[in-house]
Amino acid sequence: MFFVINDEGWTVKWVDAKDPSLVRSDGSKTVGVTDTESRTVSIATGLIPSFEKKVLCHEIVHCAMFSYGVDLTIEQEEIVADLISTYGEEIINITNDVFGRIKKRVA
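None of the values given here were measured: they were computed from a predicted structure.

S.K.: How should I be thinking about the sheet that holds strand β1 (residues 2-5) in this particular structure?
M.R.: Hydrogen bonds along the backbone pair up the strands of a sheet, which may run parallel or antiparallel. Read across the open sheet, the four strands follow the order β1-β2-β4-β3; overall the sheet is mixed. Only two strands of the sheet have a single partner each, and these edge strands are β1 and β3 (32-35). Neighbour to neighbour, the strand axes of the sheet diverge by 25 degrees on average, direction disregarded. Here four bridges tie β1 to strand β2 (residues 8-15), and the two strands are oriented antiparallel to one another. Note on β2: the bridge partner recorded for Val4 is Gly9.

Right, here's the structure in full:
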């Protein structure tokens, strides 16, 4: 699967949970990894769909930060990715709702 952020192409691939691409730079295993050199996101197969969506969103946040040159520490990057993957959909939905109501008042 291919997508583009800020004119940079990224690929998402689903791999077996034992695949070496799911090993972080510190040696720990995980269910999702973004490789900025190859611009590839690896996601473990077999995840519960709601968790898979959260993992995918988390990794796409990493892609966005890289593609837009957001320079944070790994710890800060993880906090931002976790925040957006956990609460981002709710935040966007509320923003759209409130903005829609504001536009109706102005019209």
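S.K.: Where do I start with the pairing of β2 in this structure?
M.R.: Each regular strand carries side chains that alternate between the two faces of the sheet. Here β1 folds back onto β2, and the loop between the two strands holds two residues, one of which, Asn6, carries a positive phi near 50 degrees. Relative to strand β4 (residues 40-44), β2 is paired through five bridges, and the arrangement is parallel. Opposite Val12, over in β4, you have Val41 as the bridge partner.

S.K.: What should I look at first to understand the pairing of β3 in this one?
M.R.: With four bridges joining them, β3 and β4 adopt antiparallel strand pairing. Of the residues in β4, the one forming a bridge with Gly32 is Ile43. Between the antiparallel neighbours β3 and β4 lie four residues, among them Arg39 with a positive phi of about 55 degrees.

S.K.: Even after reading the chapter, I still don't get the packing of aromatic side chains, so can you show me in this structure?
M.R.: Given two aromatic rings, one states the distance between the centres and the angle between the planes to describe the pair. Inspection of every chain in the model, using the stated rule, returns one aromatic pair. Relative to Phe66, the ring of Trp10 has its centre 5.9 Å away and its plane inclined at 90 degrees; by these criteria the two rings are edge-to-face. Taken as a pair, Trp10 in strand β2 and Phe66 in helix α1 (residues 49-67) lie far apart in primary sequence, 56 residues in all. Trp10 gets classed as buried once you look at its relative accessible area, which sits at 0%. Owing to a relative accessible area of 36%, Phe66 belongs among the partly exposed residues under this scheme.

Thresholds applied
Position numbers for residues start from 1 in each chain and track the written sequence from start to end. Reporting of local features is limited, given that this is a predicted model, to residues whose pLDDT is at least 70; pairs of side-chain atoms are given and counted only at 80 or more, and all residues count toward the totals for whole chains, interfaces and linings. The basis for every side-chain value is the complete set of non-hydrogen atoms in the structure, without hydrogens or water. Strand pairing is defined by DSSP finding a minimum of two bridges between the two strands. Numbering of helices and strands runs from the N terminus, with a helix taken as a DSSP run of H or I at least four residues long and a strand as a DSSP run of E at least two residues long. Whenever a helix is involved, its axis is fitted only over the stretch in contact; in every case the axis is a line through C-alpha atoms, and angles between N-to-C directions fall within 0 to 180 degrees. When two rings of Phe, Tyr or Trp (its six-membered ring) have centres within 6.5 Å they constitute a pair, described as stacked for plane angles under 30 degrees, edge-to-face for angles over 60, and tilted for the intermediate range. Classification of residues uses two cut-offs on accessible area relative to the type maximum, computed with a 1.4 Å probe and protein chains only: under 20% is buried, over 50% is exposed, and between them is partly exposed.

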